[in-house]
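# Chain and residue survey
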Amino acid sequence: MSEQQALSQIYLDANATTPVLARAAKAALSTMETMFGNPSSSHISGLQAKKIMDETRNKAVKVLGAGSGQVIFTSGATEGIQTGILSALYAAKNSMQADKEYSILYGATEHKAVPESLKHWNKILEINATVKPIPVDEMGKLDMDFIAKEVPNALMICTMAVNNETGVYQDLDALELVIRGNNANVFWMVDCVQALGKRCLELANTSIDYAPFSGHKLYAPKGIGFVYIRKGAPFTPFIAGGGQEGGLRSGTENLPGLAALNVIFDELLEQGDGVFASVGQLQLFRTQLALALKNAFPTVVFNHDFTNSVPTTLNFAIPGFSSKEIMDLFDAANIRVSSGSACSSKVTRSFVLDAMGLPAWQSESAIRMSFGPAVTQQQIDQACDRIAHCAQALGHSCLLNAMGNIDEKSQLQGLVQFKVGGSCTWLYADPTTKTAVIVDPLPELTNRLLTILQCQQLQLVAAIDTHGHADHQSGRVELAKQHLAMQHTNHLGWPEEVAKIELDGQSYEAISIGDKYLLRIATPGHTDDSISLVLCDKHKLQQGQLAVSYVFCGDLVLMGSLGRTNFSTSSAQLMFNSLKTLFDLVGDDALLCPSHDYHNEFVTNFAAERSRNQLLNGVLMSQLSEQQFKQNKADLDKNIHDQIGEEIMCGAFTSSCNQKRLQEYNTPELKAKLNSTPGVKLIDIREPHEYALNHRQEFDMNVPLTRLADFICQQQQNKSQELILVCRSGSRSQVAAQALKRLGFEHVGHLKGGYALSQAT
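Residues numbered from 1 in each chain as written. Predicted model: local features only at pLDDT ≥ 70, side-chain atom pairs only at ≥ 80, totals over all residues. Heavy atoms only, no water.

### So, the overall build of the protein chain
This is how it is decided: The secondary structure listing takes helices from DSSP runs of H or I that are at least 4 residues long and strands from runs of E that are at least 2 residues long, numbered from the N terminus. In this scheme, a residue with accessible area under 20% of its type's maximum is buried, one over 50% is exposed, and one in between is partly exposed, where area comes from a 1.4 Å probe on protein chains only. Residue contacts follow a heavy-atom distance rule, with two residues in contact if any of their heavy atoms lie within 4.5 Å. Each accessible area value is a Shrake-Rupley result obtained with a 1.4 Å probe; residue values ignore everything except the protein chains displayed when judging cover. Two residue types count as positive, namely Lys and Arg, and two as negative, namely Asp and Glu; His and chain ends fall outside the count. Here the site of a charge means atom NZ of a Lys, CZ of an Arg, CG of an Asp or CD of a Glu.
Summing up its helical and strand segments, the protein chain has 24 helices and 29 strands in all. Based on the C-alpha atoms only, the size of the protein chain along its principal axes is roughly 95 × 65 × 45 Å. Within the protein chain, the fraction of its 761 residues that count as buried is 56%. Within the protein chain, contacts between residues at least 6 apart in sequence are counted, and of these 69% link residues at least 24 apart. Looking at the protein chain as shown, the accessible area adds up to about 32,000 Å², and 49% of this sits on carbon and sulfur atoms. Averaging the coordinates of the 63 positive side-chain charges in the protein chain and doing the same for the 77 negative ones gives two points 4 Å apart.

### Things to note about the sheet that holds strand β10 (residues 313-317)
This is how the line gets drawn: Each pair of strands is called paired provided DSSP finds at least two bridges between the two strands.
Read across the open sheet, the three strands follow the order β9-β10-β12; overall the sheet is antiparallel. For this open sheet the edge positions go to β9 (301-302) and β12 (367-370), each flanked by a neighbour on one side alone. The sheet contact formed by β10 and β12 spans four bridges and is antiparallel. Bridge pairing in β12 links leucine 314 to methionine 369.

### Focus: the state of the cysteines
Rule in force here: Disulfide: a pair of cysteine sulfur atoms within 2.5 Å of each other.
Enumeration according to the criterion identifies one disulfide in this entry. The residue that forms a disulfide with cysteine 398 is cysteine 455, at a sulfur-sulfur distance of 1.9 Å. Disulfide cysteine 398-cysteine 455: torsion about the S-S bond near -60°, hence left-handed. Taken together, the residues span a long stretch of sequence, with cysteine 398 in the loop between α12 (377-396) and β13 (414-420) and cysteine 455 in helix α13 (residues 446-456) at a distance of 57 residues. In this structure cysteine 536 is not part of a disulfide, and its nearest cysteine sulfur, from cysteine 713, lies 12 Å away. Residue class for cysteine 536 comes out buried when judged on its relative accessible area of 0%.

### A word on unusual backbone geometry
Of note, glutamate 126 is a non-glycine position whose phi angle comes to about 55°, a positive value. Its place among the elements puts glutamate 126 in the loop between α4 (113-124) and β4 (130-134). Residue class for glutamate 126 comes out exposed when judged on its relative accessible area of 58%. The residue phenylalanine 602 is not glycine, and still its phi comes out positive at about 75°. By the element assignment, phenylalanine 602 lies in the loop between β24 (591-594) and α17 (606-612). Of the residues examined, phenylalanine 602 reaches a relative accessible area of 4% and is grouped as buried.

### What to know about the pairing of strand β17 (residues 499-503)
Taken together, the five bridges between β17 and strand β18 (residues 506-513) define a ladder with antiparallel strand orientation. Following the sheet pairing, glutamate 502 is matched in β18 by serine 507. Taking the residues that link successive antiparallel strands as the turn, the β17-β18 hairpin has two residues, and the phi of aspartate 504 there is positive, at about 50°.

### Here we look at the sheet that holds strand β16 (residues 459-464)
Put simply, the rule reads: Each axis is a line fitted through C-alpha atoms, taken for helices only over the stretch in contact, and angles between the N-to-C directions span 0 to 180 degrees.
In spatial order, the strands read β13-β14-β15-β16; together these four strands make up an open sheet with mixed pairing. Strands at the two margins of the open sheet, each flanked by one partner only, are β13 and β16. For this sheet, the mean angle separating the axes of adjacent strands, direction not counted, is 20°. When strand β15 (residues 435-439) meets β16, the two strands line up parallel, connected through five bridges. Bridging across to β16, valine 437 finds its partner in alanine 462. Its contacts with the sheet put helix α14 (residues 476-483) on β15 and β16, and the angle it makes with β16 is roughly 155°.

### Remarks on α12
Note the cut-off: Here the expected span of a helix is defined as 1.5 Å times the quantity of residues minus one.
The end-to-end C-alpha separation of α12 is 29 Å, in line with the 28 Å expected for 20 residues at 1.5 Å each. All of the buried residues in α12 are Ile380, Ala383, Cys384, Arg386, Ile387, Cys390, Ala391, Ala393, Leu394 and Gly395.

### Notes on the pairing of strand β7 (residues 210-214)
The element β7 is largely enclosed, with a buried count of five among its five residues. Residues Tyr210, Pro212 and Ser214 of β7 are buried on one face, and the alternating residues Ala211 and Phe213, pointing to the opposite face, are buried as well. Relative to strand β8 (residues 225-229), β7 runs antiparallel, the two sharing five bridges. Paired with phenylalanine 213 across the two strands is phenylalanine 226, which belongs to β8.

### Some words on the packing of aromatic side chains
Each aromatic ring pair is described using two quantities: the centre-to-centre distance and the angle formed by the ring planes. We apply this condition: Only Phe, Tyr and Trp rings are paired, with Trp represented by its six-membered ring, and only when their centres lie within 6.5 Å; those with planes under 30 degrees apart are stacked, over 60 edge-to-face, the remainder tilted. In our convention, an over-ring charge means Lys NZ or Arg CZ found within 6 Å of a ring centre and within 35 degrees of that ring's normal.
Under the criterion given, the structure shown has 13 aromatic pairs. Plain terms: the ring middles of phenylalanine 699 and tyrosine 755 are 6.2 Å apart, the flat faces sit at 85° to each other, and that makes the pair edge-to-face. With phenylalanine 699 in the loop between α21 (688-693) and β27 (701-702) and tyrosine 755 in helix α24 (residues 754-758), this residue pair connects regions lying 56 residues apart in the sequence. Since its relative accessible area comes to 6%, tyrosine 755 is described here as buried. An aromatic cluster is built from Phe213, Phe226 and Phe265, whose rings are joined through pairwise contacts. Over the face of the ring belonging to tyrosine 169 we find arginine 199, whose NZ or CZ atom lies 3.7 Å from the ring centre. Across from the ring centre of tyrosine 517, 5.3 Å away, lies the NZ or CZ of lysine 538, which sits over that ring.

### Notes on the pattern of salt bridges
Side chains bearing opposite charge may pair, as long as their charged atoms lie close to each other. This is how the line gets drawn: Any carboxyl oxygen of Asp or Glu within 4 Å of a side-chain nitrogen of Lys or Arg constitutes a salt bridge here.
Tallying each qualifying case throughout the model produces 34 salt bridges. Residue aspartate 13 pairs with arginine 368 through a salt bridge whose shortest N-O separation is 3.0 Å. One end of the pair, aspartate 13, is in the loop between β1 (10-11) and α1 (22-33); the other, arginine 368, is in strand β12, with 355 residues separating them in the sequence. The pair formed by aspartate 13 and arginine 368 is uniform in burial state, with each residue classed as buried.

### Section: the environment of phenylalanine 745
Residue placement: phenylalanine 745 occurs in the loop between α23 (731-742) and β29 (748-751). Spatially, the C-alpha atoms of phenylalanine 745 and glutamate 364 are 35 Å apart, while their sequence positions differ by 381 residues. Contacts of phenylalanine 745, omitting those with residues within four sequence positions, involve Ile712, Gln715, Asn718, Lys719, Leu723 and Leu740.

### Remarks on the nonpolar core
Within soluble globular proteins, side chains that are nonpolar generally end up buried alongside one another. Here is the rule: Here the nonpolar core consists of buried residues drawn from Ala, Val, Leu, Ile, Met, Phe, Trp, Tyr and Cys, with membership extended through side-chain atoms lying within 4.5 Å.
If you look at the biggest cluster of nonpolar residues, it comprises 61 residues, and the most contacted ones within it are Leu64, Ile147, Phe213 and Phe226. The dominant element in this core, judged by the number of residues it contributes, is helix α7 (residues 255-268), at eight residues. With 58 residues, the next largest nonpolar core counts Ile326, Ala383, Cys384 and Leu427 among its residues.

### Examining the confidence of the model for the protein chain
The condition is simple: By definition, pLDDT measures how confident the predictor is in each residue, and it falls between 0 and 100.
When pLDDT is averaged along the protein chain, the result is 91; 95% of the residues meet or exceed 70. Contacts of residues 341-347 to residues separated by more than four positions or lying in other chains number eight contacts, the stretch itself having pLDDT below 50. Per-residue pLDDT stays below 50 along residues 403-407; that stretch engages in five contacts with residues further than four places along the chain or on separate chains.

### Points about the packing of helix α8 (residues 279-296) against α12
Basically, it comes down to this: Every angle not falling under 35 degrees, over 145, or within 65 to 115 is termed oblique; those three ranges are roughly parallel, roughly antiparallel and roughly perpendicular. Working rule for handedness: look at the near helix, and if it is turned counterclockwise from the far one by less than a right angle, call the crossing left-handed; if clockwise, right-handed.
Contact geometry for α8 and α12: axes closest at 9 Å, N-to-C directions at 10°. If you check the angle between α8 and α12, you find them roughly parallel. α8 and α12 meet at a crossing whose hand is right-handed. Contacts between α8 and α12 involve Gln281, Phe285, Gln288, Leu289, Ala292, Leu293 and Ala296 on the former and, on the latter, Gln377, Ile380, Asp381, Ala383, Cys384, Ile387, Ala388 and Ala391.

Below you can see the structure in the form of structure tokens.
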């Protein structure tokens, strides 16, 4: 499958891992092909292997300024952390007093490997000390007063030299004064993984007892690391066995990894090819990248102070965009960045930034851009150019204010779904009349919605809430202030001046938008002010026919449930009648657009919901009385447990999502399918800005998730068409395919692993 355009990879995620330096890879390969002896063997091959190991250890001692301390080779930093913690706590246990309470301290921004290991060994060794995080300030600096107060009763204290998410470094000299000034005997471990090659280390001149390191964070292969042990510090082997490493760490040594490390140490000792840039040059690179980000995204916020951070890390957030959106954007441009620690990439917030006290939006939107000392000026120049293209793509999609004529923008037509957490905002645009209506506007989306209206030159006809929301403030007021200042409305934003439409003897209020009417239907139950909005064909309605495009039903019907009715303004009795009223009006197949989508199902209809919701089916098929519904609904709502500080759930979910069986293709299978089956429609479901940056020519149709509801509406009469979806990783294409399958699309598949894995085959 061919690429639309060949974008070279720009790798800016060095804090997660690095490519192996060419000379290091060559050295490792040599030990696998020719110098492959076992360092423990006494023959010539073994002696040659031992020479490589001894050379590497001697260089490590010089690089670390280890003096008379020991350097033990490990499989990586995590093993080094276990080694240091086990050694310290095992020794500390023997000196504990029965009547004294003890603590174990660690930095609140420490890599999760440290606190989790502390808790593990604290339990295994039955020490049962209190494991306490050391607070940090807004710059990420450890609280020295807290340490001075707590360290006298501490068995061990763990800090890090350089933070992996922000690049913030700690003042180890100042830390030592506080720690040793209040407890000369406490064991001290410093995570130095991100410091290697970025900060000067003279470990022998400190009282640090243990310092773990990792090879793959600085151009060596994965699976090799080392740990520094201060002379005189207690040591307990983490791995016992054949007695390698002088009996300190058993297991045959990783000779290829050691050979690669040997080359890396040459570079650090300035005895290699000189591929590592100076600190001054790295600072210039950071300045250049920061300026590129500011030019591309003028509102960008940096989440750390450059004055106490290593120059190879930039952590930033862009207001109005989630970290996932920026990750997807950069990935489409073949720029590799991270949303935080690679070891916790599924976490939606950064615990590091939370600990620093940064606003929640910065934590949720954080992006980490990191590079290593082997980066080149050409690579930085290319990255800056590509960042500018990312901003242009957002401007093309009207998600970012950018210079240019409206004709250069991607024109908005039909329905768009925006989400924040489980909450939805819906925007319907008519390009002919340049008008739009927004339903259930979320405050987090206000700036984005305003940007779209301005960029698309749309006139806002109304901004309406389907009910008074208990889980968030409405963004309607700000939208109305800027676009509807002269409009008089009720408290939900429904205009006072509207059309009156007659249908089957009933009178409805309606708003005109292009060739559609938006009807207001009172559907109380979830709240006493709940309404549903029916978007329908204007011409057919004038002829007495209701041709429904969408039903914005608020929290009356949710995907997989019904809106809760245990608020003070709720009524299960009214919901019972509202469900019947709406169903009688719009029928089984009209697309329902709730104000919440907790499970990424996008839209639904009564037919799909009746098939999996017995309570709803019982109401609509007249199998339940009003009283029976009230009792069953009360039982259902007992499953809702509101938690302080967490999102309020607007419905109860008692069963898992019913996953449909999908056809999943890998790249060879997809090629075979296309060769054997004509007429298959290939759809790229990434957002327009991602699609514009890079896509495969075969996937010449773009239906982003935000427009999936619109696509479903347009294809209501063509559900037998064979569809194959693709996205970046296969995750979005899978949920989109599930949504289509659930709504009756018969032949839906997706490319497993998405573009990411198809490029690797």
